[in-house]
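The primary structure of each chain is shown beneath.
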Amino acid sequence: MRAAVLEATITELTESGYAALTVEGVAQRAGVHKTTIYRNWKDSDGLVADALANHFATDIPIPDTGAVESDLRALARSLVATMTTQAGRALLTTVLSDAVRLTQFAEVKHALFDDRFRRAEPVVTRAIERGELPADTDPAELLKALAAPIYFRLVFTGEPVDEATADRAVHVALAAAHAGVLPAMAEGEPGVQQ
C-alpha cells in the first residue's frame, strides 16, 4: 500500500502539479481509500514530502573510472538524466513552489542534497589522492560547481539540458578546482555554518 500511494503521489505531481494535488486523487490512483492515506500521513504536504524523499533517495551509482573528468561526466550526465524525467521536473516544480516554505519540504530538500554530496564525495577524494585535483579541494564545493550550470538552465533560463550541458559543467567545475577557488573553508570563514 505504501509503495502504491507514494508512486501515485509522484504521478499526480508530474501530471497535475503540487497546487492541484489532492489526497482523493492520490487515493483513487493508488486504489486505496483516502482514509488509508490519512491514517498514514497527517496531510497532503506530509505525503508529498515523503513521496519525494522516497523517490529521490534511491542509490545513485558512483563512478570509479580512474579519472576525475570521466567520473564527473558520469555524475553530471546522471543528474541531467534524472532531472529531465517527469519526476525530476515535478521535484523542481514542487521545491520552487509555495511548498518550499513548509519545514518538511525544506528538510527533504536539505537531506536530498546532503545525501547526494555525501555519496559522490569519494569521486573527489580519489581524484585528490591521485593528484588530479588540488589537495585542499572541498568535495561539496566542487560538486555544487558541477551541478550549478545544470540547475541554472533547468530553473532559470529553461534552455535545453542534455549531455553537452553536463559535459560543459564538468569543464567549469574542473577549471574552478584547478584555479584553486574551491578549497575547504576554515571554521569562521564567511559561508561556513558553525
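Residues numbered from 1 in each chain as written. Predicted model: local features only at pLDDT ≥ 70, side-chain atom pairs only at ≥ 80, totals over all residues. Heavy atoms only, no water.

Enquirer: What is the right way to read the side chain of D138 from this model?
Expert: With respect to the secondary-structure elements, D138 resides in the loop between α7 (103-129) and α8 (139-157). In this structure, D138 is buried with no salt-bridge partner, the nearest side chain bearing the opposite charge being K144 at 6.9 Å. With sequence-adjacent residues up to four places away left out, D138 is seen in contact with L182, P183, A184 and M185. (Helix = DSSP H or I, 4+ residues; strand = E, 2+ residues; numbered from the N terminus. Buried < 20%, exposed > 50% of the residue type's maximum accessible area, 1.4 Å probe, protein only. Lys, Arg positive; Asp, Glu negative; His and termini not counted. Salt bridge = Lys/Arg side-chain N within 4 Å of Asp/Glu carboxyl O. Contact = heavy atoms within 4.5 Å.)

Enquirer: When you look at helix α6 (residues 86-95) in this model, what are you seeing that I'm missing?
Expert: It helps to recall that an α-helix has 3.6 residues per turn; residues three or four apart then point in one direction. Of all 10 residues making up α6, 7 are buried, and the element is well covered by its neighbours. Looking only at α6, the buried set comprises A87, G88, A90, L91, L92, T94 and V95. Buried residues in α6 make contact with α1 (2-16), α4 (44-56), α5 (68-83), α7 and α8.

Enquirer: Got a minute to help me understand the packing of aromatic side chains in this structure?
Expert: The description of two aromatic rings rests on the distance between their centres and on the angle between their planes. Within the structure shown, the criterion is met by 3 aromatic pairs. Seen in terms of ring centroids, F113 and Y151 are 5.9 Å apart; in terms of plane orientation they differ by 70°. Their pairing is edge-to-face. Here F113 is found in helix α7, whereas its partner Y151 is found in helix α8, with 38 residues between them in sequence. Each ring, one from F152 and one from F156, has its centre 5.6 Å from the other, and the planes form 40°; the classification is tilted. A residue pair is termed a helical-turn pair when its members lie 3 or 4 positions apart in one helix, as F152 and F156 do in helix α8 at 4 residues. Accessibility expressed as a relative area gives 46% for F152, which makes it partly exposed. Members of the aromatic cluster, joined through ring pairs, are F113, F117 and Y151. (Phe/Tyr/Trp six-rings, centres within 6.5 Å; stacked < 30°, edge-to-face > 60°.)

Enquirer: Just to check I follow, could you spell out the nonpolar core for this structure?
Expert: Where a protein is soluble and globular, its nonpolar side chains tend to be buried together. Membership of the largest hydrophobic core comes to 56 residues, with the highest contact counts inside it found for L13, I37, L52, L72, L133, L143 and L146. Residue assignment for this core shows that the elements contributing at least two residues are α1, α2 (23-30), α4, α5, α6, α7, α8 and α9 (163-178). Here this core takes 8 residues from α7, the largest share from any one element. Here I37 is in contact with V5, V23, V26, A27, V32 and L47, once residues within four sequence places are set aside. (Core = buried A, V, L, I, M, F, W, Y, C linked by side-chain atoms within 4.5 Å.)

Enquirer: Sorry, what's going on with the confidence of the model for the chain here?
Expert: When pLDDT drops low, the exact placement of atoms in the prediction is not to be read closely. On average, residues of the chain score 88 in pLDDT, and 92% of them reach the 70 mark or higher. Between the elements of the chain, mean pLDDT differs from a low of 81, seen in α6, to a high of 98, seen in α9. (pLDDT = per-residue confidence, 0-100.)

Enquirer: Could you clarify how one ought to interpret the packing of α7 against α8 in this entry?
Expert: A pair of packed helices can be characterised by two numbers: the angle between their axes and the separation between those axes. It is the contact of α7 with α8, at a shortest axis distance of 9 Å, that shows an interaxial angle of 115°. Classified by the interaxial angle, the pair formed by α7 and α8 is roughly perpendicular. Considering only the axes of α7 and α8, their crossing is right-handed. Together, F113, F117, A120, E121 and V124 of α7 and P139, A140, L142, L143, K144 and Y151 of α8 make up the contact between the two elements. (Axes fitted to C-alpha atoms, helices over the stretch in contact; angles between N-to-C directions. Parallel < 35°, antiparallel > 145°, perpendicular 65-115°, else oblique. Left-handed = near helix turned anticlockwise from the far one by under 90°.)

Enquirer: Sorry if this is basic, but what is going on with α2 here?
Expert: Looking only at α2, the buried set comprises V23, G25, V26, A27 and A30. Where α2 is buried, its residues contact α1, α3 (34-40) and α4. Following α2 by one or two positions, G31 adopts a phi angle in the positive range, close to 75°.

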